[in-house]
Amino acid sequence: MGVTGLEKLEWLSRFIDQTPGDKQIGGKPRQVPGVCWSRVAPSIPPNPKLILWSKEMANKLKLERGHELVLGGGSVVDGMLPYAQRYGGHQFGNWAHQLGDGRAITLGEVQLPDEVLELQLKGAGTTPYSRFADGKAVLRSSVREFLCSEAMFHLNVPTTRALSLVTTGEMVTRDVMYDGNPAPEIGAVVCRVAPSFIRFGSFQIHTADGNYDALRQLLEHTVKNHFPQHSVADDNGRINWLTHVAEQTAIMISNWMRVGFVHGVMNTDNMSIHGLTIDYGPYGWLENYDHDWTPNTTDSSRRRYRYDQQPQIGAWNVARLLESIAPLMDDVELLYQVLERYNQYYSELQNSMWLEKLGMENLQESDETLVDELTSLLQQVETDMTIFFRLLSAVEQPDITLLKAAFYDQDNIPVTEWNVWLNKWWKRVDGLPNRDKMNEVNPKYVLRNWMAQLAIDGAEAGDYSICEELYQLLKQPYAEQPEFDEKWFKKRPEWARHRVGCSMLSCSS
Ligand code: AMP
Ligand code: MG
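Treat the numbers as computed from the prediction; the structure is a model and nothing was measured.

Peer 1: Sorry if this is basic, but what is going on with the overall build of the protein here?
Peer 2: Scanning the protein from terminus to terminus reveals 16 helices and twelve strands. A compact globule built from 509 residues should have a C-alpha radius of gyration of about 23 Å, and the protein, at 23 Å, falls within 12% of that. The buried share of the protein, taken over its 509 residues, is 61%. Counting only carbon and sulfur atoms, one obtains 49% of the accessible surface of the protein, whose full area is about 19,900 Å². Taken together, the 49 basic and 66 acidic charged side chains of the protein have centroids lying 4 Å from each other.

What follows is the structure, given as structure tokens:
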């Protein structure tokens with residue numbers, strides 16, 4: 001199949017054609033009531049360089065490698081009508097009102113044979129929604145978004161994608177730990193791709209404004225283009241659509257739990273209406289299995305977005321979406337059933353997730369206890385989640401010494417307790433766990449926090465080889481890639497335990 005240039009793609013502008021927009025183009029940060037978008041022009045990068053390129057994403061778009069000028073924000077091609085989206089959101093549980101794309105600019109939507117994909121630049125300068133910030137992004141956070149979103153795709157976790165990472169040739173000042181030490185960093189722009197970047201907060205803002213016309217138009221646009229199997233002409237249709245969104249959200253979060261991903265900032269403005277993982281900020285991966293862990297230092301005291309609270313936060317966020325649709329409902333009481341469905345569906349997904357992770361079939365009553373005992377044992381001493389589950393699929397007998405590589409302190413493994421548990425599990429699977437299934441759901445390689453940091457350290461020094469190596473490695477996270485094991489199939493090294501960027505991340509990006 002031949003590849004082509006950006007200018008040859010078929011560009012659509014459905015979002016701006018079908019929803020109300022700002023009369024002014026660009027302009028200073030301000031409140032823009034009643035609209036879904038503002039037209040803007042990306043900032044021109046002084047010296048754009050294409051650094052990372054997703055071949056898989058490009059193949060989907062039938063796009064040849066290149067285009068650093070456009071993908072860095074320096075130019076548009078015919079058919080692109082760049083805009084920033086307006087949305088609101090609950091941040092850490094509090095309503096923040098207008099947020100919007102403060103440093104994201106959509107270039108346009110591309111018509112492909114069987115889908116439409118939106119291309120959006122992250123870090124291409126200010127928009128009316130930039131509030132007090134500069135609309136830029138730094139290399140560090142851009143590498144994290146590019147690598148992680150592509151890795152999540154290959155892990156079969158619903159996610160937005162990345163096409164490219166372009167450095168801009170401009171320095172951007174950031175105070176990484178918000179401790180009064182700002183420093184210049186290399187500026188970058190990621191081009192990310194999704195069916196749309198419509199969020200829960202995209203609906204919430206209109207309800208908060210009391211602008212139900214805009215709310216209805218956005219709802220109709222969303223359903224017509226992205227959920228054509230649904231109709232929102234009546235309560236029944238609206239409930240079916242909302243149920244679909246709630247289910248997709250539950251699917252996304254159960255996948256996060258399966259692979260040990262912690263999003264870090266599950267604000268309602270960061271919840272995609274498609275149930276895609278979106279807005280890769282201070283996310284992290286469980287290394288030692290710790291239910292309470294969150295990578296986000298901004299949330300370190302309350303831990304609202306900690307690993308094991310993600311499913312409940314999903315429900316809380318779905319409830320906020322339901323409230324935002326309430327003004328369009330004839331019978332608002334019906335909305336409760338969507339929340340019930342989320343909870344019930346999530347628990348079904350969780351059950352099947354555990355069956356698969358443990359190579360078991362046909363849920364039994366005792367499985368809940370088996371899983372509870374496992375997760376509490378995993379936390380008794382530092383135990384690496386990824387290595388534990390991967391090695392579990394290979395054990396030939398219920399003996400914890402076969403799994404000792406998963407323990408951070410191998411002299412202090414609670415051997416007796418572990419062997420009691422392993423024997424229970426072994427009996428449950430009749431000595432024949434479904435090893436193939438286990439290896440399909442328990443990844444061997446994930447983007448551990450320190451791995452991303454090593455890629456960033458290299459990139460900041462002008463060496464992108466680790467970025468490339470990780471990008472290649474993480475295309476096949478479930479495959480055995482023994483040539484990489486010494487380097488990447490291993491526990492968090494000691495240096496990473498307290499290093500900024502590994503154990504601690506801020507929202508600064
Ligand atoms: P986030 O926590 O990344 O989801 O961002 C929350 C809000 O802050 C969104 O409206 C972003 O667009 C905005 N924002 C974050 N960083 C910047 C930045 N550097 N410049 C402008 N707006 C930003
Ligand atoms: Mg965001």
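Peer 1: It is not clear to me how the domain arrangement of the protein should be interpreted in this structure. Could you clarify?
Peer 2: As a measure of interface size, the accessible area lost when the parts come together is often cited. We note that the domain assignment places domain 1 (6–200), domain 2 (228–355) and domain 3 (360–432) within the protein. Here the C-alpha centroids of domain 1 and domain 2 sit 23 Å apart. On the side of domain 2, 40 residues touch domain 1, which itself brings 30 residues to the contact. Taking both sides of the interface into account, the surface hidden between domain 1 and domain 2 amounts to around 2,800 Å²; carbon and sulfur atoms contribute 61%. Our count for the contact surface shared by domain 1 and domain 2 stands at two salt bridges. One salt bridge connects Arg199 with Asp279, and the closest N-O pair in it is separated by 3.1 Å. Counting across the domain 1 and domain 2 interface gives 16 residue pairs in polar contact (both at pLDDT 80 or more). Elements with a minimum of two residues in the side of domain 1 that touches domain 2: β5 (88–91), α4 (139–154) and β10 (183–194). In terms of residue count, α4 provides more of the side of domain 1 that touches domain 2 than any other element does, five residues in total.

Peer 1: Please explain the site of ligand 1 as it appears in this structure.
Peer 2: Near ligand 1 there are 16 residues, and of these Gly100, Gly102, Arg131, Gly135 and Asn270 occur at the shortest range. Taking Gly102, its main chain carries an N or O atom lying 2.7 Å from an oxygen atom of ligand 1. Here an oxygen atom of ligand 1 sits 2.7 Å away from a polar atom, N or O, in the side chain of Arg131. When ligand 1 sits alone it has 480 Å² of accessible area, and the protein chains cover 82% of it. When its residues are assigned to classes, the shell around ligand 1 shows two nonpolar, six polar and eight charged. Each of two domains, domain 1 (6–200) and domain 2 (228–355), supplies a minimum of three residues to the shell around ligand 1.

Peer 1: I tried to follow the pairing of β10 on my own but got confused; where do I start?
Peer 2: Within a regular beta strand, the side chains point alternately toward one face of the sheet and then the other, so they alternate between its two faces. For β10, the buried fraction is high: nine of the twelve residues fall into the buried class. Judged from the ten bridges that link them, strand β9 (residues 161–174) and β10 form a sheet pairing that is antiparallel. Residue pairing across strands places Val172 opposite Glu185, the latter belonging to β10.

Reading the values: rules and limits
Residues numbered from 1 in each chain as written. Chains lettered and ligands numbered in written order. Predicted model: local features only at pLDDT ≥ 70, side-chain atom pairs only at ≥ 80, totals over all residues. Heavy atoms only, no water. Helix = DSSP H or I, 4+ residues; strand = E, 2+ residues; numbered from the N terminus. Rg over C-alpha atoms; globule rule 2.2 N^0.38 Å. Buried < 20%, exposed > 50% of the residue type's maximum accessible area, 1.4 Å probe, protein only. Areas by Shrake-Rupley, 256 points an atom, 1.4 Å probe, with all protein chains shown as cover. Lys, Arg positive; Asp, Glu negative; His and termini not counted. Charge placed at Lys NZ, Arg CZ, Asp CG, Glu CD. Domains from an automatic or database assignment. Contact = heavy atoms within 4.5 Å. Buried area = accessible area lost by both parts, 1.4 Å probe. Salt bridge = Lys/Arg side-chain N within 4 Å of Asp/Glu carboxyl O. Polar contact = N/O pair within 3.5 Å; in protein donor to acceptor, adjacent residues only side chain to side chain. Near = heavy atom within 4 Å. Nonpolar A, V, L, I, M, F, W, Y, C, P; charged D, E, K, R; others polar. Pairing = 2+ DSSP bridges.

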